[in-house]
Amino acid sequence: MAKRYVGSCTTVLVGKKASIDGSTIIARNEDGESPLHPQKFVYVKPEDQPRQYHSVLSKFSIDLPADPLGYTSTPEAEDGHGIWAAAGINSENVAMTSTETITTNSRILGVDPLVPAGIGEEDMPTIVLPYIHSAREGVQRLGSLLQQYGTYESNGIAFADKDESIGGHHWAAIRIPDDAYVIAPNRFNITDFDFTSDDTMSSADLRDLIETYHLNPDADGYNLRHIFGSATIKDTRYNNPRAWYGQKYFNPEFDTTPIDQDLPFICRTSKKISIEDVKFVESSHYENTPYDVYGTTGTPAQKKLYRPIGINRNQELHILQIRNDVPAAVAGIHWLAFGPNTFNAVVPFYANVNDTPAAYRDTGDHFDVSKMYWLSNLLATFGDYDFSLFKDQEDVFEQKTVAACRHLQLQTDKAVQDAKNIREHLTTANEQIADLAMANSNELLGQMVAAAAPKMKLQFTLHD
């Protein structure tokens, strides 16, 4: 059996009444066990979807339905480790991100042990996303697979369509209210759960399981985080601070601390949330607090105290947006950035396409500056060398790039109404967006070299 790698991602969910433009948004940093796990961005056509699936990390295999949908995904670039599709949007404008590795506890694992031959993060998008037509269908299909085959790890998964976003675990799911948002680090996050509500779903025997095995520590109600989750010292250093910082960004009035074990799950804010807001949170490292590793106010010990969201193990960031104010053909937008998010720009790719741009699609397992994954990691490594020297340039680059991509997107949204072949038109638009992002990234690299070269230690002034 292949070695299993444990990631540590951060998920952000936004309901359509909480977003600035009425779209549903599910986003996640895909974080690797270590830096540099090459990723690529592909479009899987129905004819290329396997009809029989075999996991690399377990003995799981399954015959898949014969009528898959096409979908975007961000799989591993290196062969031999499994697909790890991570996230995508299918041709029915249903989005899925999978998975947020989450903590649990010995009580539930004693009752319902993990299954070494079951399914896991490696498998889930590939065996679920091409076969669903709504977020609820996604929960139902994944739930039935988990019940039948079990899982070898604890995971959180999110689905979204134009009307709703749903987050699920083994095996409970809750609909995120339209006017709410969620910041979910690597911890079981669902709190108050009403088994009788139309906004929840679960395995049929879940409530009986809780009662039979005395899993509920609370006198009243069902707080699934208390029942199935953890509340460890590691959570106060690794998980809770990330939720705290994201929530404080949207709700500065919250009277909470980074180590709180009972931070809220579903939150509401008076500010409408934009893609740029989600990107900031997914790139954050406790700015304007003593815990910022690049800050000037904290002590060395404070700067190492809490695990940031933006980290050198960020492999890719996807922000999956299903828009409600445009035709269905252009509604699905797969925003994407590679590498550590503190130093990159997230750009919008249409999901209803024939192919993805080569600079994002053809990532290899060796360094190649002509591919965005490797170029983004080069910028991040360079940027970390002297953060204060390069930060202003990076900020200008990010704003410039996202603004230009948004302008191209607006032009495309209008032009595509008269296009004879919409998929071809959107595929071409994605190429233009990729070209723009690559050009701006190379321009930033040149600016960083120009700023750093005069500061090299290999220098001596001649007065002749």
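The name given to the protein in an unreviewed UniProt entry is Dipeptidase, with Lacticaseibacillus zeae as the source organism.

Asks: Give me the lowdown on the overall build of the protein, citing residues and values where you can.
Replies: The number of helices and strands found in the protein is twelve helices and 16 strands. Here the C-alpha radius of gyration of the protein, 22 Å, is about what a compact globule of 464 residues would show, namely 23 Å. Principal-axis analysis of the C-alpha atoms places the extent of the protein at approximately 90 × 60 × 50 Å. Buried residues in the protein amount to 58% of all 464 residues. Look at the contacts in the protein between residues 6 or more apart in sequence, and 71% of them connect residues 24 or more apart. For the protein, the computed accessible surface area is about 19500 Å², with 53% contributed by carbon and sulfur atoms. Charged side chains of the protein number 40 positive and 62 negative; the gap between the two group centres comes to 2 Å.

Asks: I'd like to hear about the packing of helix α10 (residues 372–385) against helix α12 (residues 422–452), residue by residue, with values.
Replies: Packed helix pairs are characterised by how far apart their axes lie and by the angle those axes make with each other. α12 packs onto α10 with a crossing angle of 25° between their chain directions and a minimal axis gap of 10 Å. On the basis of their axis angle, the class for α10 and α12 is roughly parallel. Both α10 and α12 take part in a crossing whose hand is left-handed. The residues of α12 that touch α10, namely those facing M372, L375, L378, L379, F382, G383 and Y385, are A437, M438, S441, N442, L444, L445, M448, V449 and A452.

Asks: Any details on the pairing of strand β9 (residues 155–160)? Residues and values, ideally.
Replies: Consecutive side chains of a regular strand alternate in pointing toward one face of the sheet and then the other. Burial analysis of β9 places six of its six residues in the buried class, the great majority of the element. What you see with β9 is no split at all: N155, I157 and F159 on one side and G156, A158 and A160 on the other are buried throughout. Where strand β8 (residues 95–101) and β9 come together, six bridges link them in antiparallel fashion. Opposite T101, over in β9, you have N155 as the bridge partner.

Asks: A description of helix α11 (residues 387–415) should follow, citing residues and the corresponding values.
Replies: Over its 29 residues, α11 runs 41 Å from end to end, which matches the ideal 42 Å to within 8%, given 1.5 Å per residue. If you follow the buried residues of α11, they end up packed against α7 (275–283), β15 (332–338), β16 (347–350), α10 and α12.

Asks: Describe in detail the packing of aromatic side chains, supporting the description with residues and values.
Replies: The way to describe two aromatic rings as a pair is by their centre distance and the angle between their planes. Evaluation of the coordinates by the stated rule reveals 26 aromatic pairs. Ring centres of F60 and Y149 lie 4.9 Å apart, and the angle between their planes is 80°; this geometry places the pair in the edge-to-face category. Here the residue F60 occupies a position in the loop between β4 (52–54) and β5 (61–63), and Y149 occupies one in helix α3 (residues 135–149), the gap between them amounting to 89 residues. Accessibility expressed as a relative area gives 26% for Y149, which makes it partly exposed. Centroid distance F338 to Y373: 5.7 Å. Interplanar angle 70°. Geometry classified as edge-to-face. Separated by 35 residues along the polypeptide, F338 in strand β15 and Y373 in helix α10 bring together distant segments of the chain. Residue class for Y373 comes out buried when judged on its relative accessible area of 0%. Aromatic rings pair up to connect F41, F338, F349, Y360, F367, Y373 and W374 into one cluster.

Asks: Describe the nonpolar core, and please don't skip the residues or the numbers.
Replies: Formed by 55 residues in total, the largest nonpolar core has its most connected members in V14, Y181, V278, I319, F349 and Y360. The contacts of I319, once residues within four sequence positions are left out, are I25, I26, A27, I275, V278, K279, I333, H334, W335 and V346. In terms of nonpolar packing, the next biggest core, distinct from the first, is built from 31 residues, A172, I176, I190 and Y222 among them.

Asks: If you had to explain the side chain of E287 to someone new, which residues and values would you point to?
Replies: Turning to its location among the elements, E287 is positioned in the loop between α7 and α8 (300–303). One buried charged residue, E287, forms no salt bridge at all, with the nearest opposite charge on K391 at 5.7 Å. Here the side chain of E287 touches H285 through a polar contact of 2.8 Å, landing on its backbone nitrogen. The residues touching E287, leaving out its near neighbours within four places in the chain, are Y245, F280 and D292.

Asks: Let's hear about the pattern of salt bridges: which residues, and what values?
Replies: Counted by the stated rule, this structure contains 15 salt bridges. A salt bridge links K271 to D277, with the shortest nitrogen-to-oxygen separation between them at 3.1 Å. You can call K271 partly exposed: its relative accessible area is 39%. The class for D277 is buried, based on a relative accessible area of 6%. Three or more residues joined by partner-sharing salt bridges are found here, namely D355, R361 and D362.

Asks: Describe the sheet that holds strand β14 (residues 314–322), listing the residues and the values that go with them.
Replies: An order of β12-β1-β2-β14-β15-β16 is seen for the six strands of this open sheet, with the pairing classed as antiparallel. In the strand order of this sheet, the two ends are held by β12 (181–184) and β16, each with one partner. On average, each strand axis in the sheet is inclined to that of its neighbour by 15°, with strand direction left out of account. Of the pairings in the sheet, the one linking β15 to β16 comprises four bridges and is antiparallel in character. Bridged to H334 within β16 is F349.

Asks: Provide a residue-level description of the environment of P116, including the pertinent values.
Replies: The topology assignment puts P116 in the loop between α1 (106–111) and α2 (124–128). Taking the C-alpha atoms as reference, P116 lies 9.2 Å from L57; in sequence the two are 59 residues apart.

Asks: Summarise the pairing of β14; cite the residues concerned and give the values.
Replies: β14 sits mainly inside the fold: nine of its nine residues count as buried. Bridge analysis of strand β2 (residues 24–31) against β14 gives eight bridges, and the strand direction is antiparallel. Paired with I25 across the strands is Q321, a residue of β14. Bridging between β14 and β15 involves seven bridges; their strand directions are antiparallel. Counterpart to I322 in the pairing with β15 is G332.

Asks: Could you give me a rundown of the side chain of E122, with the residues and numbers involved?
Replies: Considering the arrangement of structural elements, one finds E122 in the loop between α1 and α2. Residue classification places E122 among the buried positions, given a relative accessible area of 0%. Not counting residues within four places of it along the chain, the set of residues in contact with E122 comprises Y53, S55, V56, L57, H81, G82, I83, W84, A85 and Y152.

Rules used in this analysis
Residues numbered from 1 in each chain as written. Predicted model: local features only at pLDDT ≥ 70, side-chain atom pairs only at ≥ 80, totals over all residues. Heavy atoms only, no water. Helix = DSSP H or I, 4+ residues; strand = E, 2+ residues; numbered from the N terminus. Rg over C-alpha atoms; globule rule 2.2 N^0.38 Å. Buried < 20%, exposed > 50% of the residue type's maximum accessible area, 1.4 Å probe, protein only. Contact = heavy atoms within 4.5 Å. Areas by Shrake-Rupley, 256 points an atom, 1.4 Å probe, with all protein chains shown as cover. Lys, Arg positive; Asp, Glu negative; His and termini not counted. Charge placed at Lys NZ, Arg CZ, Asp CG, Glu CD. Axes fitted to C-alpha atoms, helices over the stretch in contact; angles between N-to-C directions. Parallel < 35°, antiparallel > 145°, perpendicular 65-115°, else oblique. Left-handed = near helix turned anticlockwise from the far one by under 90°. Pairing = 2+ DSSP bridges. Expected span 1.5 Å × (residues − 1). Phe/Tyr/Trp six-rings, centres within 6.5 Å; stacked < 30°, edge-to-face > 60°. Core = buried A, V, L, I, M, F, W, Y, C linked by side-chain atoms within 4.5 Å. Salt bridge = Lys/Arg side-chain N within 4 Å of Asp/Glu carboxyl O. Polar contact = N/O pair within 3.5 Å; in protein donor to acceptor, adjacent residues only side chain to side chain.

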